[in-house]
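# Structural features, examined
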Amino acid sequence: MAKILISSLGTGEKKDGNYKTAKYKINNNIYTTSFVADALMKELTIEKLFLVGTRKSIWDEAYNSFASEDNENIEYYEDLYTKKESGEIISKDLEEFDKVLPKNSKSFIIDYGINEDELWSNFEKFLSIAEYIEDGDELYLDITHSFRSLSLMSFVMTQFASSISDKNFKISGVYYGMFEYSFESTDKITPIVDIKILLEIQEWIKAIDAIKNYSDFNSLIRLLDDNHIEKDVQNTFINLNNNISLANIASLRQFIQTAAKKIKTINSSENRIVKLLAPEVLKLVEELEQDKESDFQYTLAKWFYKNKNYALSYIALYEAIITKSCELSNKDIFNHEEREDAKKSIGNDKYGKYFYTKHNDSISQIRNSIVHQSSDRKSQVSNDIKKLEIFIKTFEEYFNIGK
């Protein structure tokens, strides 16, 4: 487990034989240096550094900063400067450079990213950095220097690598040295700003997207836990997710009725991101809040269809139609025998051909195939999905009877 900094190295500006320095401020500490990674290394007590730069980045100045008087090689420093000036530095030239970095650190040469081939090359280079990261490592990202496109790529690629990697590491900070601010301040201070909030917002967006598109609350539950949101709110979403996962319609109905008020409390959460995204979650709860059992089941069928959960949509629609038939004929919607009687009567009205088992490609036939995992419809999956939308629209009028 180590603290790791991934930093982009810019081209710098040299004046009177020296590179321009800045007074970087972080956590009320000030570091005067020519590149922000130096300040971050000291402030965050970084143990590993992965330094990324182009063939014209200031590798010479970085070497000068990390090399001690005992291990500094003047000839090598001058060679780095010469090759940097002509844009001829290659990975082999940095083997000596890596020796003065903290243990297990490494430098990476990347392209400018001026065309698709170079962008893909950089993409692969950033992904290769993940190979040097271990389980439990704490990652910090510095996007201050180099071209803005490379800074953006390092930001995106680090997040991408964390998503696809089988290693469990944490991105603990994303830092930007706001050099332009120094021109407006009297003390010429350059603040180092942590913009990790951008990563956090992306995680919340993905969580809401998982709910809207796949009925999956797992990411939201994890974020609620990470952000120390009230336990009763967390438990409410855990129960909601469990009910959806098990597809217990009766249990889900009861849950929505009793938990709606609790879920609405996220609207008053002190967490700003939670408050911003609360309307999306509340929209779902309000959508499923229905007075009649049949309306709830039908709405649930539409919701599952919208989220591409077609099997559960068929099951919910099948039960909704029977429940509606019970309601129309004053039968007990929870009595098995009366539901069976109500199911038979559906075959006698204009909706029977869509619902009843004896008709080919009916809701009952497809639902039974799903529930019993039979192979009779294995070649008709795409067609069954298309027909589901037709069934839902066709029965909309049926569920409006008596309203």
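Structural data are supplied above this passage.
On a predicted model such as this, the values are computed, not experimentally measured, just so you know.

It is worth spelling out the overall build of the protein chain at this point. Across its full length, the protein chain holds 18 helices and ten strands. The buried share of the protein chain, taken over its 403 residues, is 47%. Carbon and sulfur atoms make up 48% of the accessible area of the protein chain, which totals about 21,300 Å².

What follows deals with the side chain of Ser7. If you trace the backbone, Ser7 turns up in strand S1 (residues 3-9). Residue class for Ser7 comes out buried when judged on its relative accessible area of 1%. Separated by 2.5 Å, the side chains of Ser7 and Asp142 make a polar contact. Excluding its chain neighbours within four sequence positions, the residues that come into contact with Ser7 are Ala37, Leu49, Phe50, Leu51, Val52 and Asp142.

A word on helix H17 (residues 381-394). For H17, built from 14 residues, the straight-helix expectation of 20 Å at 1.5 Å per residue is met to within 8% by its first-to-last C-alpha distance of 20 Å. Contact partners of the buried residues in H17: helix H12 (293-306), helix H13 (310-328), helix H15 (352-355), helix H16 (363-371) and helix H18 (396-399).

Counting across every chain of the model gives 17 aromatic pairs. Between Tyr63 and Tyr76, the aromatic rings sit 5.0 Å apart at their centres with planes inclined by 75°, giving edge-to-face as the arrangement. Residue Tyr63 is found in helix H2 (residues 59-66), and its partner Tyr76 is found in helix H3 (residues 74-86); the two are separated by 13 residues along the sequence. An identical accessibility class is assigned to Tyr63 and Tyr76; each is buried. Among the aromatic residues, those joined into a cluster by ring pairs are Tyr298, Tyr351, Tyr354, Phe395, Tyr398 and Phe399. Over the ring of Phe108 we find Lys106; its NZ or CZ atom is 5.8 Å from the centre of that ring.

Overall, the coordinates contain ten salt bridges when judged by the stated rule. When the shortest N-O distance is used, the salt bridge between Glu319 and Arg339 registers 2.9 Å. Taken together, the positions of Glu319 in helix H13 and Arg339 in helix H14 (residues 336-346) put the pair 20 residues apart, joining distant regions of the chain. Salt-bridge contacts for Lys393 lead to Glu389; the nearest nitrogen and oxygen are separated by 3.3 Å. Here Lys393 and its partner Glu389 are both found in helix H17, four residues apart, which amounts to about one turn of the helix. For Lys393, a relative accessible area of 56% translates into the label exposed. Residue class for Glu389 comes out partly exposed when judged on its relative accessible area of 35%. Three or more residues are tied together by salt bridges with common partners; here these are Asp79, Lys83 and Asp93.

Overall, mixed pairing links the eight strands, which are arranged S5-S4-S10-S9-S8-S1-S6-S7 in an open sheet. A strand with exactly one partner marks an edge of an open sheet, and here the two such strands are strand S5 (29-33) and strand S7 (106-109). On average, each strand axis in the sheet is tilted by 25° relative to the strand beside it, whichever way the strands run. Lying on the sheet, helix H1 (residues 36-43) is in contact with S1, strand S4 (22-26), S5, strand S6 (48-53), strand S8 (138-142), strand S9 (170-177) and strand S10 (189-194); it crosses S5 at an angle near 140°. Packed on one face of the sheet, helix H5 (residues 116-129) meets S1, S6 and S7 and runs near 170° to S7.

Before going further, it helps to examine H2. Burial analysis of H2 places six of its eight residues in the buried class, the great majority of the element. Buried within H2 we find Trp59, Asp60, Glu61, Ala62, Tyr63 and Phe66.

Tracing the sequence through the fold places Asp137 in the loop between H5 and S8. Despite its burial, Asp137 pairs with no opposite charge; the closest candidate is Lys48, at 4.3 Å N-O. A distance of 2.8 Å separates the side chain of Asp137 from the backbone nitrogen of Ala2, its partner in a polar contact. Among residues more than four places away in sequence, those in contact with Asp137 are Met1, Ala2, Ile4, Lys48, Asn168, Phe169 and Lys170.

Calculation rules
- Residues numbered from 1 in each chain as written.
- Predicted model: local features only at pLDDT ≥ 70, side-chain atom pairs only at ≥ 80, totals over all residues.
- Heavy atoms only, no water.
- Helix = DSSP H or I, 4+ residues; strand = E, 2+ residues; numbered from the N terminus.
- Buried < 20%, exposed > 50% of the residue type's maximum accessible area, 1.4 Å probe, protein only.
- Areas by Shrake-Rupley, 256 points an atom, 1.4 Å probe, with all protein chains shown as cover.
- Polar contact = N/O pair within 3.5 Å; in protein donor to acceptor, adjacent residues only side chain to side chain.
- Contact = heavy atoms within 4.5 Å.
- Expected span 1.5 Å × (residues − 1).
- Phe/Tyr/Trp six-rings, centres within 6.5 Å; stacked < 30°, edge-to-face > 60°.
- Lys NZ or Arg CZ within 6 Å of the ring centre and 35° of its normal.
- Salt bridge = Lys/Arg side-chain N within 4 Å of Asp/Glu carboxyl O.
- Pairing = 2+ DSSP bridges.
- Axes fitted to C-alpha atoms, helices over the stretch in contact; angles between N-to-C directions.
- Lys, Arg positive; Asp, Glu negative; His and termini not counted.

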